[in-house]
Amino acid sequence: MIPKNHPRYQSLLLRHKIVKAYKNGILADSGMIAHGRGEAFDYLIGEKTSPSAHKAIKAAAATLLLSQNPVLSVNGNTAALVAEEIVELSEVLDAKIEINLFYRTEERIKAIEKVLIGAGASDIYGTDTTNLKFIDGIESPRATASPQGIFDADVVLVPLEDGDRAEILVQSGKNIITIDLNPLSRTSKMSSISIMDNIVRTLPLLINESLSLKKESKNTLKNILINFNNEKNLKESLKTIEIKK
Ligand code: PTJ
């Protein structure tokens, strides 16, 4: 039990969720290391969403709303931290949810599927091993893609990746949106839109942004994208990392 007045309450709460997800077979053991790396970057940005991350979130919402077949890719860490928000976002955007794991096992797929169903999801892609395609050029199990989901998608949200997939997906003509606290990661550098923020802050903001941009015209959405430059924005994000004594 974490005391609510603990100065690091929010951070400890997230750790608790991560450990619990590991014990329940949702998280890969490496997922705990990944979370720790994320925590370190979050510390350095003051644990708040920067103006550049807000810009990237707006561009991400516009891209997802303009998409013909948007897919939200879910791994262990995403399911552990923001399962409800992923389901809500998929409803707002009419987007598919697909489980895609680096450390893929049938047990973990089933455990994550259960979490997503518990959070309200009905259709979940990527679970039927007999009905998966493979994306050329990716050596890890993350190459798997369901035919109607990631394989056919024009826009894919890939939070907390480790870089082997984003580049190939971009090369195959897809728009890739990532959420990664590390602005120097391969995923952040290779993606079409990189949101350098904690996924637990980004998802509610992305839901709200999508709800408000849904009322806008396609031209307005396209103009948001014309005025967004991911490389420039990522450089601005990097500047928000401050080492204070
Ligand atoms: O569930 P699986 O099998 O697909 O495995 C998932 C992990 C995350 C273990 C795997 O993709 C991996 O090893 O990823 P990496 O290489 O550790 O990269 C994860 C990135 O996510 C790192 O750059 C972290 O800084 C970042 N990160 C960690 N926690 C958060 C985060 N970014 C946003 N929000 C977080 N809460």
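Remember, predicted model here, so these are calculated numbers, not experimental data.

**Q** Before we go on, may I ask you to explain the layout of surface pockets in this structure?
**A** A water-sized probe, rolled over the atoms, reveals where empty space remains. Approximately 970 Å³ is the volume attributed to the largest pocket. Along the walls of the largest pocket sit 47 residues, with Ala34, His35, Gly38, Asn77 and Leu160 positioned nearest its centre. Of all elements in the fold, only helix H1 (9-23), helix H2 (29-44), helix H4 (76-93), helix H7 (186-190) and helix H8 (199-213) reach the threshold of two or more residues within the lining of the largest pocket. Considering only residue class, the lining of the largest pocket consists of 18 nonpolar, 14 polar and 15 charged. Put simply, the second largest pocket is a space of about 280 Å³. Taken together, 15 residues form the lining of the second largest pocket, with Lys17, Lys20, Ala79, Ala80 and Val115 sitting closest to its centre. The set of elements that each furnish at least two residues to the lining of the second largest pocket consists of H1, H4 and helix H5 (106-118).

**Q** Would you mind going over the nonpolar core with me for this structure?
**A** Looking at soluble globular proteins, one finds that nonpolar side chains tend to be buried together. Grouped together as the largest cluster of nonpolar side chains are 50 residues, with contacts concentrated most on Leu89, Ile112, Leu116, Ile177, Ile193 and Ile195. When residues in this core are grouped by element, the largest group, 10 residues, is from H4. With near-sequence residues (within four places) excluded, Ile112 lies in contact with Ile26, Val74, Asn75, Gly76, Ala79, Ile99 and Leu101. In this structure, Ala145, Ala166, Leu169 and Ile176 belong to the second largest nonpolar core, which totals 13 residues.

**Q** Where do I start with the site of the ligand in this structure?
**A** Taken together, 24 residues are adjacent to the ligand, and Phe102, Arg108, Glu161, Asp162 and Asp180 come closest. One nitrogen or oxygen atom from the main chain of Glu161 is found 2.8 Å from an oxygen atom belonging to the ligand. The backbone of Leu181 places a nitrogen or oxygen atom 3.1 Å from a nitrogen atom of the ligand. Within the complex, 96% of the 750 Å² of free accessible area of the ligand lies under protein. Given that more than half its atoms are within 2 Å of the pocket grid, the ligand belongs to the largest pocket. Among the elements of the structure, H2 and H4 are those that each provide at least two residues to the shell around the ligand. Tallying contributions element by element places H2 first for the shell around the ligand, with 6 residues.

Each value, and the rule that gives it
Residues numbered from 1 in each chain as written. Predicted model: local features only at pLDDT ≥ 70, side-chain atom pairs only at ≥ 80, totals over all residues. Heavy atoms only, no water. 1 Å grid on protein atoms, 1.4 Å probe; cavity = no way out; pocket = protein on both sides within 12 Å on 5 of 7 lines; lining within 4 Å. Points joined across faces, edges and corners; volume = space filled by probe spheres on them. Helix = DSSP H or I, 4+ residues; strand = E, 2+ residues; numbered from the N terminus. Nonpolar A, V, L, I, M, F, W, Y, C, P; charged D, E, K, R; others polar. Core = buried A, V, L, I, M, F, W, Y, C linked by side-chain atoms within 4.5 Å. Buried < 20%, exposed > 50% of the residue type's maximum accessible area, 1.4 Å probe, protein only. Contact = heavy atoms within 4.5 Å. Near = heavy atom within 4 Å. Polar contact = N/O pair within 3.5 Å; in protein donor to acceptor, adjacent residues only side chain to side chain. Areas by Shrake-Rupley, 256 points an atom, 1.4 Å probe, with all protein chains shown as cover. Sits in = over half its atoms within 2 Å of the grid points.

Remember, this is a structural readout, not a statement about activity or role.
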